[in-house]
Amino acid sequence: MRAPDPLRRDPIAEAKRQWDERGWTDASEGMAAVTSIMRTQQILLSRIDGVLKRFDLTFARFELLALLSFARSGTLPMVKASARLQVHPTSVTNAVDRLERAGLVRRVAHPTDGRGTLVEITPEGRVRALAATRELNSVVFSQPGFSATELVELNGMLGRFRRDAGDFGDDSSDDRSSHEA
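What you see is a predicted model; the values in this text were computed from it and never measured.

Peer 1: Any chance you could explain the packing of aromatic side chains here in plain terms?
Peer 2: Each aromatic ring pair is described using two quantities: the centre-to-centre distance and the angle formed by the ring planes. What the rule picks out here adds up to 2 aromatic pairs. Centre to centre, the rings of Trp19 and Trp24 are 5.3 Å apart; their planes meet at 70°, and the pair counts as edge-to-face. Residue Trp19 is classed as partly exposed on the basis of its relative accessible area, which comes to 30%. Ring centres of Phe59 and Phe62 lie 6.2 Å apart, and the angle between their planes is 25°; on these two criteria the pair is classed as stacked. Taken together, the residues span about one helical turn, with Phe59 and Phe62 both in helix H3 (residues 59-70) at a distance of 3 residues. Residue Phe59 is classed as partly exposed on the basis of its relative accessible area, which comes to 24%.

Peer 1: Sorry if this is basic, but what is going on with the packing of helix H4 (residues 78-85) against helix H5 (residues 89-101) here?
Peer 2: Packed helices, taken two at a time, are described by their axes: the angle between them and the distance between them. Viewed as axis vectors pointing N to C, H4 and H5 meet at an angle of 110°, and their least axial separation amounts to 9 Å. Classified by the angle their axes make, H4 and H5 are roughly perpendicular. Note on packing geometry: the crossing formed by H4 with H5 is right-handed. From H4, Met78, Ala81, Ser82 and Leu85 reach across to H5, where they touch Pro89, Val92, Thr93 and Val96. Partitioning the contact of H4 with H5 into residue classes produces 6 nonpolar, 2 polar and no charged.

What counts, and at which threshold
- Residues numbered from 1 in each chain as written.
- Predicted model: local features only at pLDDT ≥ 70, side-chain atom pairs only at ≥ 80, totals over all residues.
- Heavy atoms only, no water.
- Phe/Tyr/Trp six-rings, centres within 6.5 Å; stacked < 30°, edge-to-face > 60°.
- Buried < 20%, exposed > 50% of the residue type's maximum accessible area, 1.4 Å probe, protein only.
- Helix = DSSP H or I, 4+ residues; strand = E, 2+ residues; numbered from the N terminus.
- Axes fitted to C-alpha atoms, helices over the stretch in contact; angles between N-to-C directions.
- Parallel < 35°, antiparallel > 145°, perpendicular 65-115°, else oblique.
- Left-handed = near helix turned anticlockwise from the far one by under 90°.
- Contact = heavy atoms within 4.5 Å.
- Nonpolar A, V, L, I, M, F, W, Y, C, P; charged D, E, K, R; others polar.

What follows is the structure, encoded as structure tokens:
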């Protein structure tokens, strides 16, 4: 798929100019930043989707496979997967349904909680997750369009923003035993 021809002018800069012209100068930089972040997310997701399409995966399903592949046992409770991916449990259920139909994960009974369900990555799921990860690393993650210095700055800024928004706490200690099923 060919990328569209670039616009002659930056529409976000034009929107900022319009904000300023209407006297909304106290909000114009924020509007431009938020809109730029949203557009950047669209561009990056399009690149990611282009890679993952070859593996018959969406980004949400890839994230779940990657998360499971990182777990020592290859399993996680569905509720824990939802929390770690920071998505609603219904989204995890939907991803598990599709990955299960594709033979990439399976549901298993929780060994100690009769009400809980674990999701387990299959051998084919591990193969697919690794292949997709290698391709994403090669095509997108190792060349995202920012310099190394910009990436460090960007990760710092966005990390602080997410922390301050309540995405995670300041405690950086890692109790590994609490992360496994």
